[in-house]
Amino acid sequence: MNSLVLTVSDRVSKGEAVDSSGPAAIELLAEAGISADLRVVADGVDAVATELRLAVREDRPLVITTGGTGVAARDHTPEATILVIDKEVPGLAEALRSATFGLFPAGMLGRGVAGIAGRTLIINLPGSEKAVRESMDVVLPAIPHAIQLLSGHTEH
């Protein structure tokens, strides 16, 4: 089953900007042997939560969101994610913030979360291509094992 990369952006959803963060995440997942589809949704709790719930119903093993994790008025991806997940995986979000601490001051403003909804792992990443690439370097090593565990393969 394909994973999903969900770009959260008012401007991209309206065709006013080109998405580079979503394709970057797709590329990095493919390099790790994980196939993924790309969707774009406007910012906002309801719109993002609807797409996340759809991905869970589709039994996607992984959803990577890009965008909507900052402090701007329309940044609500973490709130939408919290509405959908059954439990948080705080270590992923902590690792993302920790990796940028001291390197990029605006990284301290990131509010992304990670969690599990059903058998789907959802991870919020920032919206820039550079931040997605840096973030994927941090979380990608843990993703295959998490997907394996969520799919029911729990033998060590």
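Residues numbered from 1 in each chain as written. Predicted model: local features only at pLDDT ≥ 70, side-chain atom pairs only at ≥ 80, totals over all residues. Heavy atoms only, no water.

In terms of regular secondary structure, the protein is built from 7 helices and 6 strands. Each helix and strand of the protein, placed in order from N terminus to C terminus, yields the pattern β-α-α-β-α-β-α-β-α-β-β-α-α. Here the C-alpha radius of gyration of the protein, 14 Å, is about what a compact globule of 156 residues would show, namely 15 Å. In terms of principal-axis extent, the alpha carbons of the protein reach across some 45 × 35 × 30 Å. (Helix = DSSP H or I, 4+ residues; strand = E, 2+ residues; numbered from the N terminus. Rg over C-alpha atoms; globule rule 2.2 N^0.38 Å.)

A word on the sheet that holds strand β2 (residues 36-41). Taken in spatial order, the 6 strands make up an open sheet running β2-β1-β3-β6-β5-β4, and their pairing is mixed. Of all strands in the sheet, those bounded by a partner on one side alone are β2 and β4 (87-88). For β4 and strand β5 (residues 114-117), the ladder comprises 2 bridges, and the chain directions are antiparallel. When the bridges of β5 are listed, E88 appears paired with G115. (Pairing = 2+ DSSP bridges.)

The next point concerns unusual backbone geometry. One non-glycine residue, D59, adopts positive backbone phi at about 60 degrees. On the secondary structure map, D59 appears in the loop between α3 (45-57) and β3 (62-66). Residue class for D59 comes out partly exposed when judged on its relative accessible area of 31%. (Buried < 20%, exposed > 50% of the residue type's maximum accessible area, 1.4 Å probe, protein only.)

Geometric values such as these leave the question of function open.
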